[in-house]
Amino acid sequence: MTEMPKQFDKQQDGAEIELLSFLVGEQDYSVDIMSVREIRGGATATSLPHSPQYICGVINLRGTVLPIMDLAKRLGMAADTEEDRNVIIVVAVGDRTVGLLVDAVSDILAIPEEDIQPPPEIRADGEQSFISSLTIVDGRMIRILDLKAVLPPPGEESS
Amino acid sequence: MSDPMAEIRASFFIECEELLEALQDGLQALSDGATDSETVNIVFRAVHSIKGGAGAFGLDDLVAFAHRFETALDEVRSGNLQTDASVLKLFFQCADMLTDLVHSSRDGSEHDKTREAPILADLEKLVGAEDEQEDVADFQPMALSLDLPPDQNTFSIVFEPDAELFASGNEPLFIFRALQDIGTLEVTCTHPDLPDLDALIADQCKLIWHLTLTTTEPESTVREAFDFVEDLCKLTISQDAVSDTGALPDLPAAPPAPVASIPSPAPSSEPEPCPEPAPAPGPVAAEAAKPENAPTAKPATTATTPVGARATVRVDLERVDRLINLVGEIVINQAMLTQSVEEAGLPPNSSVRTGLEEFLQLTRDIQESVMMIRAQPVKSLFQRMARIVREASADIGKEVHLQTDGENTEVDKTVIERLADPLTHMIRNAVDHGLENTDERVAAGKPAEGVVSLTAMHRSGRVVIEVADDGGGIDRKKVHQIAVEKGLVPADLPLSDGEIDNLLFLPGFSTAREISNLSGRGVGMDVVRSAILALGGRISITSERAKGTTFSISLPLTLAVLDGMVVSVANETLVVPLNSILETLALTEEDIRGFGPSSHVVNIRDTFVPLLDLGAELGYRRPLETYVGSVVLLVSQEDGSRAAVVVDAIEDQRQVVIKGLQDSYGRVPGIAAATILGDGQIALILDPVDLITQSNGHTRAAPSPAFQTG
Amino acid sequence: MSLRVLAVDDSRTMRDMLRLALIDAGMETHLAEDGVHGLEVLDGLDRPDAIITDINMPRMDGFGFINAVRAREEHRATPILVLTTESAAEMKARARQAGATGWIVKPFDPLKLVKALRMVAG
């Protein structure tokens, strides 16, 4: 009886998720590729009065108003020099579209469903709630973002 | 997968709105003295069509009422009932009732049948008690054979068609096929009276068919097949006890015994085959067989109602909005292109520049046309107001007549929807407070019937709607007094007539000592004003004692663009809506006074106005050291009082395309929306009212909370 | 067998429902919104198998329409069904007088409509 090769198992299973992975503050994050609308270079954002720290402002995306979120700040990381952040990943969640400001885009990964793990137990910081699951690729831990949690709640944003 | 019936149902309710409008128009025409038959027909058909469609969807309440209304209208149509003032008044009430029924059927909401009772009673007085609602089911002969067990029955049928049967378009073959569908059929034909060929008359049928049908169906079903022709033939159907295929029954001269009671197939009453319609009473069938509109029995001209005169297309509103959005983006794109071209340093008369200008003009034209797609005549709104006047006048016991003008003036669909409530308030106020009692009016030498007028017109790129009454005008002494009593104005402040009039717009203001059940609890002009302002409009009052009061509303033609003043504050570019700016000022030292520890006021022609530092209010920077020499916009608030808003510079004045923030981001305090400027940058559009409401007024060095760095 | 049917009614809702019922039965449907329009459409049709018409319509009502249709030589015997909201005997008599072949009562049952059409048009 030959041992079934691992790939064969996975092929039988079939279900995979495609992720777009990127760097935020030197950590690896990712989002489901199905939610990504486009990737573009940064632009100067018009700031919104009384908006939370993690909202940079809004930019003009081909005639529509796109809010830009500084993902590092949103995830509670120490604020780094902003000049380095120059990539905006435009994602759609439900009927809302938001641009996520990140350090760099890494790759597109196809991850079999069974390789997706739940996040480890609750840690002290609130960052936990933004991550829905994780996976390991080439020894690196890739955090998969829960976009619904990341996006600002609709309605008043006054800090 | 959409359900076609659901679509048709939705479409039906839209059609109902059109029919209800036609009904109102028709009744109005009759009330204005029209006597022609076509108007009456239009009114009748409107109710008839609503009833027909309602029946298809099982809307029984609606069908029942429509039927009663239709019956009365039929009496008018046939000349049995004259439409005098009281009859028309009842008909208007019926139309209102019908409208309510349509709406409650559409929305699935409760319908209060008790309100129907008095109307139905009045209708009954007019046309007599309604007989039991006719059985609307298919006409079928008594089905005697319902109890038949589902055995095979054999029927012998003798069928001799008259000439008229064929003339009416019926065809025995198809009837026989229908019989074949329900059982086994054998057909034999006899022709005992068949003349020789040269005596043969082509359209006289001399054939007699004998059919034997074996079926499990009862006799009633067999008869059904002959439904359309039973009076155009000699027909006998008998049921055999035993299946009897060979024998031919005698040709009956009289109907044989064991047949169910059906009108005996005697020769038809009209022996001539050609159907000439007997002149019927009323205008409907009185035409000769001509396709043109022949003159009717009644001596009147048929009003030309343009049926389908204006070709229209029904479009999903979403598609229209999408189109408007795209055009808005073209305009933005173009502004950006123009800017780039300018920056590229091309000479002004270069072909690129001139080409771009023509392009700009074209785009503006497209934009205007596209915006107007959403435009609708205010007529439906005015008709609603007519009903409000009728109801208000009845409730309060004053004679009131609504005069309208400009009902074909077109306004954006959303504006019409959002004007309904404010207009309703104003009309009710006019009837309730504006107009004097009948006695007072007569004593003052005015006609007993008060007039409320509603007009709409386009004026210098905006829509102007006026609500006026010929009542007693504003009692300024009383208004001022009440405002002072309520602490809305200081007692010793002198106010001009215009300023007193504007006190009516203050929140919580109401001159009614007892709140009449008509105008409700404190639903005052402040609510109306907010609604108008929210539409980007303005409202003003003029009033003359003993003559009357006029409210004038000015609205933008469309909601998607805004006339704004582009300003810069703390390196940010913002747009301030033009309709909120009263004037611009440059401040000198003497103008500015301190007010409390952290604020300033500005002296403008001897009144003091609070100073707001826009940069500080929006959290862009700390309050300025000094405001001397600042550029200041004098902005008006909801209640007419003002604020002086400090900006760094005024850049430009232009029309901008409004881009919402609500959907993409949410609410931002002090900000109404956003727009995209020629350089591609986003500029926020200020909401002055919100800004002022939320303002902290800090214009002195004390740091505002929004500015704690963290 | 696909029948070619002309249906005339001033109510858009009724036209929609007629079309739905007829198309579901595999019939080729042509619509018009009053008698005048009906004649225009009719003249452009090649051998219609049946006509359905409402009575109360603007410009030219059902009776006028039927008369005009029957006046055309080729349509002397074209089956015509009238749509009526009453089943009273007078209505049927009037329809008959005008030259109608049969009638359908509104609100109509699509099956009955199709059956009636087959009865007069095959």
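Look up a bit, the structure's there.
About the cut-offs
- Residues numbered from 1 in each chain as written.
- Chains lettered and ligands numbered in written order.
- Predicted model: local features only at pLDDT ≥ 70, side-chain atom pairs only at ≥ 80, totals over all residues.
- Heavy atoms only, no water.
- Contact = heavy atoms within 4.5 Å.
- Buried area = accessible area lost by both parts, 1.4 Å probe.
- Salt bridge = Lys/Arg side-chain N within 4 Å of Asp/Glu carboxyl O.
- Polar contact = N/O pair within 3.5 Å; in protein donor to acceptor, adjacent residues only side chain to side chain.
- Pairing = 2+ DSSP bridges.
- Helix = DSSP H or I, 4+ residues; strand = E, 2+ residues; numbered from the N terminus.
- Axes fitted to C-alpha atoms, helices over the stretch in contact; angles between N-to-C directions.
- Core = buried A, V, L, I, M, F, W, Y, C linked by side-chain atoms within 4.5 Å.
- Buried < 20%, exposed > 50% of the residue type's maximum accessible area, 1.4 Å probe, protein only.
- Domains from an automatic or database assignment.

## Here's the deal with the interface of chain A and chain B
1) Next: Between chain A and chain B, the residue contacts involve 24 residues of the former and 25 residues of the latter.
2) Next: Interface of chain A and chain B: buried area, both sides summed, is about 2100 Å²; carbon and sulfur atoms make up 56% of it.
3) Next: For chain A, the biggest contributors to the area lost against chain B are P49(A), H50(A) and V65(A); these three give 28% of the whole.
4) Next: Inspection of the chain A/chain B interface yields zero salt bridges.
5) Next: Remark: the boundary between chain A and chain B carries three residue pairs in polar contact (both at pLDDT 80 or more).

## Concerning the sheet that holds strand β2 (residues 27–32) of chain A
All names here are of chain A.
1) Next: The strand order across the open sheet built from five strands is β8-β1-β2-β10-β9, with neighbouring strands paired in mixed fashion. Because the sheet does not close on itself, it has two edges, and the strands there are β8 (104–112) and β9 (131–137). Averaged over all pairs of adjacent strands, the angle between their axes in this sheet comes to 35°, without regard to strand direction.
2) Next: The sheet contact formed by β9 and strand β10 (residues 140–145) spans six bridges and is antiparallel. In the strand pairing of β10, T135 is matched with I142.

## Things to note about the nonpolar core
1) Next: Judged by nonpolar contacts, the single largest core of 108 residues is most densely connected at L23(B), F91(B), L98(B), I157(B), F159(B) and F226(B).
2) Next: At eleven residues, helix α4 (residues 85–107) of chain B tops the list of elements feeding residues into this core.
3) Next: When residues of this core are sorted by domain, at least three fall in each of domain 1 (4–135) and domain 2 (153–266) of chain B.
4) Next: V24(A), V98(A), L100(A) and V561(B) belong to the second largest nonpolar core, which has 65 residues in total.

## Considering unusual backbone geometry
A negative phi angle is the norm for most residues apart from glycine, just as the trans form is the norm for most peptide bonds.
All names here are of chain C.
1) Next: Residue P107 follows K106 across a cis peptide bond; omega there is -5°.
2) Next: Looking at where P107 falls in the secondary structure, it is placed in the loop between β5 (102–105) and α5 (110–121).
3) Next: Backbone geometry places R47, a non-glycine residue, at a positive phi of 50°.
4) Next: With respect to the element layout, R47 can be found in the loop between α2 (35–43) and β3 (50–54).
5) Next: Overall, R47 belongs to the exposed group, its relative accessible area being 68%.

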